[in-house]
Amino acid sequence: LKGREDTIRCIVTSLTDEENGGELYEELKRQDAKPLDDAQLLDEEDDETQPSFDWMPPPSILNRRGVISGQIGTITSVSRRSGDTLSMLVGIYGSKDLFVNEYRNMLADKLLNNLDYNTDKEVHNLELLKLRFGDLSLRTAEVMIKDIDESKRIHSNVRSTFQSRYQHNEVDAAIISHIFWPKLSNEEYKYHPSLQEKIDRFSTEFRKLKNPRKLVWMKQLGTVDLEVEAYENDPEGKLVSSIKSVTCSPVHASLLANFEDKSDWTSEELSTQMGMPEETIRKRMTFWINQRVLKSHQDESGLRYSLVSACEAEPNDGDTYEEDDHQGQISYAGTNHNQDATDAFESYICGMLSNLGSLRLNRIHSMLKSFVAGSDHQYDKTPQQLAIFL
């Protein structure tokens, strides 16, 4: 299990899930559990104990659990801590940093998906984790939660200003200190002018509150709630027009907003309008095609998209397209982060070989550990994994 990429995520999920965490969550709440640094220090002291003729092996796990009676001898500090599941798991991986980094990644997902700015549950889990992992290890996680609390206060101030000047506030924002957060995915494109106007209005109010700070928007993240006209089958099987609520990503909302300007676009025109590659446009448009809001067809000018009318919707009945992978989810983009780490390792290795010539595997391994330390990327490969990577 140690070799699987999702093992640490499963452990941290169980550790912080009050409803389904089970034994690991109860382990986190233990009042008598020692901080992990203290537990590891005690392990080292026990390992350094000199053997003697009075040495007794530690009792078996069944004996410790009371399955076997008639225990003989005393229980050492190692066996007393044998019930400390978290210490054993950290010991298997050799470092608590892996667990802390995974927790930060998961916390980023939870906080960004928390649209009501409620952080009570995350604060409770953080305080429990700090007792085991230490305050210093979780300092950045504490800043992340404070960012969301501060965003709630800013949102309340902006909303009160908007109510006095405009009909209502249509933009909410989670305002983060990016250097304390995991690397977030960001895809550059142009907002539709109708969205850009609302975002600029919010940014202006923020500058008034927090001058000279200004907002840099992560355009790939977030959700937009829309009401769209689509064609659905009624109980009798007839295709009828209906208004339905759809939650999508900002890029999907910007794409659809272009069809308010005109009802027919080629993929090339949308690519120019949005500032995105044409291939990306085609992937994103599958969302609206599957929602029966748009349809696509090929002509001499290329792939063309247009709004669906009642007479055009029926031929597409039952047709589906490959789903887009970015249909409004908020994610810190762990896969992108892994790809960035791979690119960084490749860059380091190419630089080594260019400057130093041929190198042995162990030398590359040790140099990577030195070079990557302190960067945004965690190098935790074994020499065997590095050999496969090379």
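All values derive from a computational prediction rather than experimental measurement.

Observations regarding the overall build of the protein
A count of helices and strands for the protein gives 17 helices and 5 strands. When the 390 residues of the protein are sorted by exposure, 39% land in the buried category. Pairs at least 24 apart in sequence give 66% of the contacts found in the protein among residues at least 6 apart. Of the roughly 23,400 Å² of accessible surface on the protein, 49% is carried by carbon and sulfur atoms.

Thoughts on the packing of aromatic side chains
Within the structure shown, the criterion is met by 4 aromatic pairs. Ring centres of Tyr93 and Phe99 lie 5.5 Å apart, and the angle between their planes is 90°; on these two criteria the pair is classed as edge-to-face. Owing to a relative accessible area of 15%, Tyr93 belongs among the buried residues under this scheme. Look at Tyr189 and Tyr191: their rings are 5.6 Å apart centre to centre, the planes differ by 80°, and that puts the pair in the edge-to-face class. Relative accessible area serves as the criterion here: at 3%, Tyr189 is assigned to the buried category.

What about the confidence of the model for the protein?
Of all residues in the protein, 77% attain a pLDDT of 70 or more, and the chain-wide mean is 78. Between residues 64-82, whose pLDDT stays under 50, and residues either more than four places distant or in other chains, the model counts 21 contacts. Throughout residues 327-335 the model reports pLDDT below 50, and contacts reaching past four residues in sequence, or to other chains, amount to 26 contacts.

So, unusual backbone geometry
Here the residue pair Asn211 and Pro212 is connected by a cis peptide bond, since its omega of 10° sits within 30 degrees of zero. Inspection of the secondary structure puts Pro212 in the loop between helix H10 (193-210) and strand S1 (224-233). With a phi angle near 60°, Arg292 is a residue other than glycine that sits in the positive phi range. Of note, Arg292 is situated in the loop between helix H13 (278-290) and strand S4 (294-299).

Overview of the nonpolar core
By size, the foremost hydrophobic cluster in this structure holds 34 residues, and its most contacted members are Phe99, Tyr103, Phe133 and Leu138. For this core, the secondary-structure elements that each account for two or more residues are helix H1 (7-16), helix H2 (23-28), helix H6 (85-93), helix H7 (97-113), helix H8 (120-133) and helix H9 (139-165). Here this core takes 9 residues from H7, the largest share from any one element. Excluding residues within four positions of it along the chain, Phe99 makes contact with Ile8, Ile11, Val12, Leu89, Val90, Tyr93 and Phe133. Counting 27 residues, the second largest nonpolar core, distinct from the first, contains Leu195, Ile199, Phe259 and Leu303.

What counts, and where the lines are drawn
- Residues numbered from 1 in each chain as written.
- Predicted model: local features only at pLDDT ≥ 70, side-chain atom pairs only at ≥ 80, totals over all residues.
- Heavy atoms only, no water.
- Helix = DSSP H or I, 4+ residues; strand = E, 2+ residues; numbered from the N terminus.
- Buried < 20%, exposed > 50% of the residue type's maximum accessible area, 1.4 Å probe, protein only.
- Contact = heavy atoms within 4.5 Å.
- Areas by Shrake-Rupley, 256 points an atom, 1.4 Å probe, with all protein chains shown as cover.
- Phe/Tyr/Trp six-rings, centres within 6.5 Å; stacked < 30°, edge-to-face > 60°.
- pLDDT = per-residue confidence, 0-100.
- Core = buried A, V, L, I, M, F, W, Y, C linked by side-chain atoms within 4.5 Å.

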